[in-house]
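As a plain string of letters, each chain reads:
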Amino acid sequence: EYEVHLEIRRSGRDPFRVQNSRGVYEFMRGLETESAEHFYELLLDTKHRLHSVYLVGKGGIDACPADPREIFKAALITNSPAFVLVHNHPSGVVEPSPDDVALTRRIASGSELLGIGFLDNVIMGNGRYYSFHEAGLLAGRW
């Protein structure tokens, strides 16, 4: 199984290939049951196969710290050409907060500068998800 860390760990089976926002939601579905916000980064190879999952931060019921430096550090240390961010909203409301929008814009700017593909930021809750990519707010290509 995949582990939360900064080292590359591979399972004995074929790695999960991230193809779209729905796939991210299905893969991380267990996150919906958390009573506090958890913010993860899925680190991908050139074919968008998952090689590492990084826990960026844990928060409370309505907020979670997510430092852009930590997000980029994980991508750089693992030499990942692309990544996806995903976090839960324990309230079940998946619409992004102003902080979610601001963070996504900052990460998009930084990823463009560094040449690392930022494919999506997915918010999960109550059997639904919100995708910045599907909403047209991120230009990354799957």
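Up top is the structure.
Here the structure is a predicted model, which means the values were calculated and not measured.

Student: What is the right way to read helix α2 (residues 68-77) from this model?
Tutor: Residues that lie three or four places apart on an α-helix share one face, since the helix turns once every 3.6 residues. Taken residue by residue, α2 has P68, I71, F72, A74 and A75 as its buried positions. All buried residues of α2 project into a common sector of 155° when viewed along the axis, lining one side. Counted as exposed and oriented over 90 degrees from the buried face of α2: R69, L76 and I77. On its buried face, α2 is in contact with β1 (38-44), β2 (50-58), β3 (82-88) and α3 (98-114). A distance of 2.9 Å separates the backbone nitrogen of R69 from a side-chain oxygen at the start of α2, and that oxygen is part of D67. After α2 finishes, the residue N79 shows a positive phi value of roughly 55°.

Student: Even after reading the chapter, I still don't get unusual backbone geometry, so can you show me in this structure?
Tutor: Only a minority of non-glycine residues have a phi that is not negative, and only a minority of peptide bonds are not trans. Backbone geometry places H48, a non-glycine residue, at a positive phi of 60°. Checked against the element boundaries, H48 lands in the loop between β1 and β2. Residue classification places H48 among the buried residues on the basis of a relative accessible area of 11%.

Student: Is there a simple way to explain the packing of aromatic side chains in this structure?
Tutor: The geometry of two aromatic rings is summed up by the distance between their centres and the angle between their planes. Going through the model one piece at a time under the given rule, you end up with five aromatic pairs. Between the aromatic rings of Y25 and Y129, the centroid separation amounts to 5.1 Å while the plane-to-plane angle is 25°, which identifies the pairing as stacked. Of this pair, Y25 sits in helix α1 (residues 21-27) while Y129 sits in strand β5 (residues 128-131), and the two are 104 residues apart along the sequence. The pair Y25 / Y129 is uniform in exposure class, with both members buried. Centroid distance F83 to F118: 5.1 Å. Interplanar angle 15°. Geometry classified as stacked. A residue pair is termed long-range when its members are at least 10 positions apart, and F83 in strand β3 and F118 in strand β4 (residues 117-125) qualify at 35 residues. With relative accessibility at 0%, the residue F83 sits in the buried group. Clustering of aromatic rings is evident, with ring pairs tying together F72, F83 and F118.

Calculation rules
Residues numbered from 1 in each chain as written. Predicted model: local features only at pLDDT ≥ 70, side-chain atom pairs only at ≥ 80, totals over all residues. Heavy atoms only, no water. Buried < 20%, exposed > 50% of the residue type's maximum accessible area, 1.4 Å probe, protein only. Helix = DSSP H or I, 4+ residues; strand = E, 2+ residues; numbered from the N terminus. Arc of directions from axis to C-beta. Contact = heavy atoms within 4.5 Å. Polar contact = N/O pair within 3.5 Å; in protein donor to acceptor, adjacent residues only side chain to side chain. Phe/Tyr/Trp six-rings, centres within 6.5 Å; stacked < 30°, edge-to-face > 60°.

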